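Chain residues, written in single-letter form:
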Amino acid sequence: HSCCATIHIAAVQSHAATHIHPTSLVADTAQIGSGVQIGPFCRVGPGVIIKDGVQLSSHIVIEGPTVVGARTQIYPFASLGLEPADRKFRGECSSVVVGDDCVIRENVSIHRGTQGGGGVTRVGNGCLIMGGAHIAHDCQVADEVIVSNQALLAGHVSVGRGANIGGGAGIHQYVRIGAGAMVGGLSAVRQDVIPYGLVEGDTACLKSLNVIGLKRKAASGTEIRLLNMVYRYIFQVTETHVPRTDFRLNLPVHSCIAQRTHELSKAVQALLTGTASEVLTQQFSGQKLDRLSELVDFLIQSQASKRGLALPSSVSCLSIEEEFLLDV
């Protein structure tokens, strides 16, 4: 396009701290913030907004409409805002929005959205997108997510806050990854992953809670133990030895996850309103219910999910002995 054939001289003149390398092509209609550094051989197209303090190292392509948040760093051969790889796409207006303080490493590709998926591909604040990763059209990636090298997110995938996608993992279209979840490297994820769950395998199955991730987010041993009780209840995980009764959630057992989710939802509401049974009140005494509520909401929404839930393949939760170690 002819509008990309000239350097954005106005940006250099209006912001003394902004530097655009003379080999880079920046469209006249691109908006460049203060303190932006654009290295050699970059291309910034019409309709691109680059906010203050962004660093483009070299050989980067950004097509509009795309917004790059403040202080984000983008490494060589990354491409943002190109047309989606979707045969239904007919050139409709769509965009990419990248949050503040992200790091986007070499050879990452992030495609624009489509009309059928809401039109916006979004990456939240403080995300780390490692080399060779792909974020397809209409993905919704929340804050502080890590997408490791060569991981591939197909169209319409959503990833919750603080989730970690392992290297080489493939996430099927429309899959939901819950907040704080961990996807093991080289996993093929075809179904939704609960918040704070850990999945792995060529057909990814739930292995346990993401205990390491919970500890990193300052969850106490007691809270992790209670979440593990919920995990056991929802997925009816059993152990090879007779467990202690005080490590079981005191709720009615039903034959399907939807019914157990309903019981859990009622229990959470009772805890929040102070009408829970004495046993439940004692079990959850003094505990924050934020993560538990988030898990319940995810399970309720999964009943309308296009992909269904990733389930445990076998005994896969913290053992009673492991739970005692949480407070050490």
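Everything that follows concerns the structure shown earlier in this document.
Peer 1: Quick question: what am I supposed to make of the overall build of the protein chain here?
Peer 2: Counting its secondary structure elements, the protein chain contains seven helices and 28 strands. Looking at the 328 residues of the protein chain, the share that counts as buried comes to 51%. Residue pairs at least 24 apart in sequence account for 37% of intrachain contacts in the protein chain once pairs closer than 6 positions are excluded. Split by element, the accessible area of the protein chain, about 14,800 Å² in all, is 54% carbon and sulfur.

Peer 1: Please clarify how the pairing of strand β15 (residues 120-123) should be interpreted in this entry.
Peer 2: Residues in a regular strand point their side chains to alternate faces of the sheet. Burial of β15 is one-sided: the residues T121 and V123 facing one way are buried, the residues V120 and R122 facing the other way are not. As judged from the four bridges shared by strand β12 (residues 95-98) and β15, these two strands associate in the parallel manner. Along β15, the bridge assignment pairs V98 with V123. Here β15 runs beside strand β18 (residues 140-141); their pairing, made up of two bridges, is parallel. Counted as the bridge partner of V123 is V141 from β18.

Peer 1: I tried to follow the sheet that holds strand β8 (residues 61-62) on my own but got confused; where do I start?
Peer 2: Strand pairing in a sheet relies on backbone hydrogen bonds. The paired strands run either parallel or antiparallel. Overall, parallel pairing links the nine strands, which are arranged β2-β5-β8-β11-β14-β17-β20-β23-β26 in an open sheet. On the outer flanks of this sheet lie β2 (25-26) and β26 (188-189), each paired with one strand and no other. Judged from the two bridges that link them, strand β14 (residues 109-111) and strand β17 (residues 134-135) form a sheet pairing that is parallel. Bridging across to β17, I110 finds its partner in I135.

Peer 1: Can you help me understand the packing of helix α4 (residues 257-273) against helix α6 (residues 290-302) in this one?
Peer 2: When two helices pack together, their arrangement is given by the angle between the helix axes and by the axis-to-axis distance. The N-to-C vectors of α4 and α6 enclose an angle of 145°; their axes lie 10 Å apart at closest approach. Here α4 and α6 pass one another in a crossing that is left-handed. Every residue of α6 that contacts α4 at T261, L264, S265 and V268 is listed here: L292, S293, V296, L299 and I300.

Peer 1: Is there a simple way to think about the side chain of R260 in this case?
Peer 2: Residue position: R260 is located in helix α4. Here R260 sits buried without a salt bridge, and the closest side chain of opposite charge, E263, lies 10 Å off (N-O distance). A polar atom in the side chain of R260 sits 2.7 Å from the backbone oxygen of H254. Contacts of R260, omitting those with residues within four sequence positions, involve Y233, I234, F235, Q236, H254 and S255.

Peer 1: Before we go on, may I ask you to explain the packing of aromatic side chains in this structure?
Peer 2: Given two aromatic rings, one states the distance between the centres and the angle between the planes to describe the pair. Per the counting criterion, the structure on display carries one aromatic pair. A cation over a ring is seen here: K306 above Y174, with NZ or CZ 3.9 Å from the ring centre.

Peer 1: It is not clear to me how the packing of helix α3 (residues 221-235) against α6 should be interpreted in this structure. Could you clarify?
Peer 2: Look at α3 against α6: their axes get within 11 Å of each other, and the N-to-C directions meet at 20°. Taken as axis vectors, α3 and α6 run roughly parallel relative to one another. Crossing of α3 over α6 shows right-handed handedness. Facing α3, whose interface residues are E223, L227, V230 and I234, α6 presents R291, L292, L295 and L299.

Peer 1: Explanation requested: the environment of V147 in the structure shown.
Peer 2: In this structure, V147 sits in strand β19 (residues 146-147). Along the sequence, V147 and V159 sit 12 residues apart, while their C-alpha atoms lie 9.9 Å from each other. Look past the residues within four positions of V147 in its chain and what remains in contact with it is L128, I129, M130, A133, L153 and I165.

Peer 1: Explanation requested: the pattern of salt bridges in the structure shown.
Peer 2: If charged atoms from side chains of opposite charge come close, those side chains can pair. Applying the stated criterion across every chain yields a total of 10 salt bridges. Linking R161 and E144 is a salt bridge whose minimum nitrogen-to-oxygen distance equals 3.1 Å. Pair noted here: R161 is in the loop between β21 (158-159) and β22 (164-165) and E144 is in the loop between β18 and β19, with a separation of 17 residues, a long-range link. What emerges from the salt-bridge pattern is a single network uniting D143, E144, R161 and K217.

Peer 1: Honestly, the sheet that holds strand β1 (residues 19-20) in this entry has me stumped. Any pointers?
Peer 2: Across the sheet, which stays open at both edges, the 11 strands sit in the order β1-β4-β7-β10-β13-β16-β19-β22-β25-β27-β28 with mixed pairing between neighbours. Among the strands making up the open sheet, the edge pair consists of β1 and β28 (205-209). The sheet contact formed by β1 and strand β4 (residues 37-38) spans two bridges and is parallel. Looking at β4, one finds that I20 is bridged to I38.

Peer 1: Explanation requested: the nonpolar core in the structure shown.
Peer 2: Note on soluble globular proteins: their nonpolar side chains tend to be buried together. Formed by 86 residues in total, the largest nonpolar core has its most connected members in L56, I171 and I177. Of all elements in the fold, only β6 (48-50), β12, β28, α2 (211-216), α3, α4 and α6 reach the threshold of two or more residues within this core. If you tally residues by element for this core, the top one is α3, at nine residues. Setting aside its immediate chain neighbours within four residues, I177 contacts S158, V159, G160, A163, I165, I171, V183, V189, V193 and F298.

Peer 1: Help me out: how do you make sense of α6 in this one?
Peer 2: Two residues of an α-helix separated by three or four positions point the same way, owing to the 3.6 residues in each turn. The end-to-end C-alpha separation of α6 is 18 Å, in line with the 18 Å expected for 13 residues at 1.5 Å each. For α6, the full list of buried residues reads R291, L292, L295, V296, F298, L299 and S302. The buried residues of α6 occupy an angular sector of 160° when projected down its axis, which confines them to one face. Buried residues along α6 sit against β24 (176-177), α2, α3 and α4.

Parameters and conventions
Residues numbered from 1 in each chain as written. Predicted model: local features only at pLDDT ≥ 70, side-chain atom pairs only at ≥ 80, totals over all residues. Heavy atoms only, no water. Helix = DSSP H or I, 4+ residues; strand = E, 2+ residues; numbered from the N terminus. Buried < 20%, exposed > 50% of the residue type's maximum accessible area, 1.4 Å probe, protein only. Contact = heavy atoms within 4.5 Å. Areas by Shrake-Rupley, 256 points an atom, 1.4 Å probe, with all protein chains shown as cover. Pairing = 2+ DSSP bridges. Axes fitted to C-alpha atoms, helices over the stretch in contact; angles between N-to-C directions. Left-handed = near helix turned anticlockwise from the far one by under 90°. Lys, Arg positive; Asp, Glu negative; His and termini not counted. Salt bridge = Lys/Arg side-chain N within 4 Å of Asp/Glu carboxyl O. Polar contact = N/O pair within 3.5 Å; in protein donor to acceptor, adjacent residues only side chain to side chain. Phe/Tyr/Trp six-rings, centres within 6.5 Å; stacked < 30°, edge-to-face > 60°. Lys NZ or Arg CZ within 6 Å of the ring centre and 35° of its normal. Parallel < 35°, antiparallel > 145°, perpendicular 65-115°, else oblique. Core = buried A, V, L, I, M, F, W, Y, C linked by side-chain atoms within 4.5 Å. Expected span 1.5 Å × (residues − 1). Arc of directions from axis to C-beta.

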